[in-house]
Amino acid sequence: MYDKYLFPEIEPFNSGLLKVSDIHSIYFEEVGNPHGHPVVYLHGGPGAGISPGMRRYFDPEFFRVILFDQRGCGKSTPFVELRDNTTWDLVADIEKIREYLGIEKWLVYGGSWGSTLSLFYSETHPERVMGMIIRGIFLGRPEELYSLFAADSVAARVFPEEYEKLVNHIPQDERENMMEAYFSRVMSSDENIRNEAAIRYTTWESTCCTLLPQEININIEQDKYVISESILELHYFVNNMFCDSDNYILENIDTIKDIPTTIVQGRYDICCPPFSAYDLHKAMPKSQLIIVPDASHMIWEPGIQKELVKALEEFKRLFKEEF
């Protein structure tokens, strides 16, 4: 990880498991100032989980940062459990964490799928949101998934040799719906079938996420997120994010249009292309849209880091003025 703009490494001052349903318990942690301005961090995926590096974007003297592993991933239990694992279950979990920790309102911060979840949560509970900082925008629409998985998509045309590897794993008669084809394989009871599909799927996504080519070495025995992210992502994707509309977020945007919002987007993000960030900004004209000219999708790219930390500094100033 690049760390030019980040704060020093920090350990949680509080952590634990919160039982949120008959099935699920959520791992959460708090870092920074126990009496600081609260901010909740929503990770990507679905299924990626949190990591120590995510703590370093926040001024530990000013912010009280709450991070947690969403259902089925990271340290939350049970691992890769799909029962009671929907967008609306995750939204409810965020509220349960807020109530459990005694927080009235907080800043909502998320990237990639975390941006999607930030928007779903904020539209459901706008009275609990001081502001949003969201990165690598994914609005959960079919055209966004098409742009990543279809044979004539931007991703397939930019990375044709890697896309061919993704496609060649699937029989010809299943290639019209690559997501369904991969979902059936990562859900296989045969571990070899599951692991091979998870590796190919994760390799493809990873290829699309950085501006410059990165060597991708996946050790499925050590990198448990490969299983959780491939299964949970596809679980959400094939179920249309558990929405009854293809454009739920923008259709309900009026509930949050006045919430202070900063949108950070890499210009060359192939995984979550800039058209979604732009559509969101147009629907929220009071938002600030920052296009990073030399970045793709990943949170650790220097230009993305710089703008995220800068956005947090701007919110610090806003909070000091208001409180």
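The coordinates are above.
Thresholds, definitions, all that
Residues numbered from 1 in each chain as written. Predicted model: local features only at pLDDT ≥ 70, side-chain atom pairs only at ≥ 80, totals over all residues. Heavy atoms only, no water. Salt bridge = Lys/Arg side-chain N within 4 Å of Asp/Glu carboxyl O. Helix = DSSP H or I, 4+ residues; strand = E, 2+ residues; numbered from the N terminus. Buried < 20%, exposed > 50% of the residue type's maximum accessible area, 1.4 Å probe, protein only. Phe/Tyr/Trp six-rings, centres within 6.5 Å; stacked < 30°, edge-to-face > 60°. Lys NZ or Arg CZ within 6 Å of the ring centre and 35° of its normal. Contact = heavy atoms within 4.5 Å. Polar contact = N/O pair within 3.5 Å; in protein donor to acceptor, adjacent residues only side chain to side chain.

(A) Summary view of the pattern of salt bridges. Tallied over the entire structure, the rule returns 19 salt bridges. Residue D59 is joined to K316 by a salt bridge in which the shortest nitrogen-to-oxygen separation is 2.6 Å. Placement of the pair is D59 in the loop between β3 (37-42) and β4 (63-68) and K316 in helix α11 (residues 302-322), with a sequence separation of 257 residues. Each member of the pair, D59 together with K316, is buried. Notably, a salt bridge pairs K165 with E162, separated by 3.3 Å at the nearest N-O pair.

(B) How the structure looks around the packing of aromatic side chains. Following the criterion strictly, the structure yields 17 aromatic pairs and no others. Centroid distance F62 to F63: 4.9 Å. Interplanar angle 80 degrees. Geometry classified as edge-to-face. Of the two residues, F62 and F63, both sit in the buried class. Each ring, one from F120 and one from Y248, has its centre 5.6 Å from the other, and the planes form 35 degrees; the classification is tilted. Taken as a pair, F120 in helix α2 (residues 113-124) and Y248 in helix α9 (residues 248-251) lie far apart in primary sequence, 128 residues in all. The class of Y248 is partly exposed, set by a relative accessible area of 22%. Through a chain of ring-to-ring contacts, three or more aromatic side chains come together here, namely Y41, F58, F62, F63 and Y109. In this structure, K75 is placed above the aromatic ring of Y27, and the distance from its NZ or CZ to the ring centre is 4.8 Å. In this structure, K224 is placed above the aromatic ring of F79, and the distance from its NZ or CZ to the ring centre is 4.5 Å.

(C) Just the environment of W88, in detail. Here W88 shows up in helix α1 (residues 87-100). Expressed as a C-alpha distance, the spacing of W88 and E127, which sit 39 residues apart in the sequence, is 17 Å. Other than its neighbours up to four places away in sequence, W88 contacts F120, T124, F242, C243 and Y248. One polar contact links the side chain of W88 to the main-chain carbonyl oxygen of F242, over a distance of 2.9 Å.

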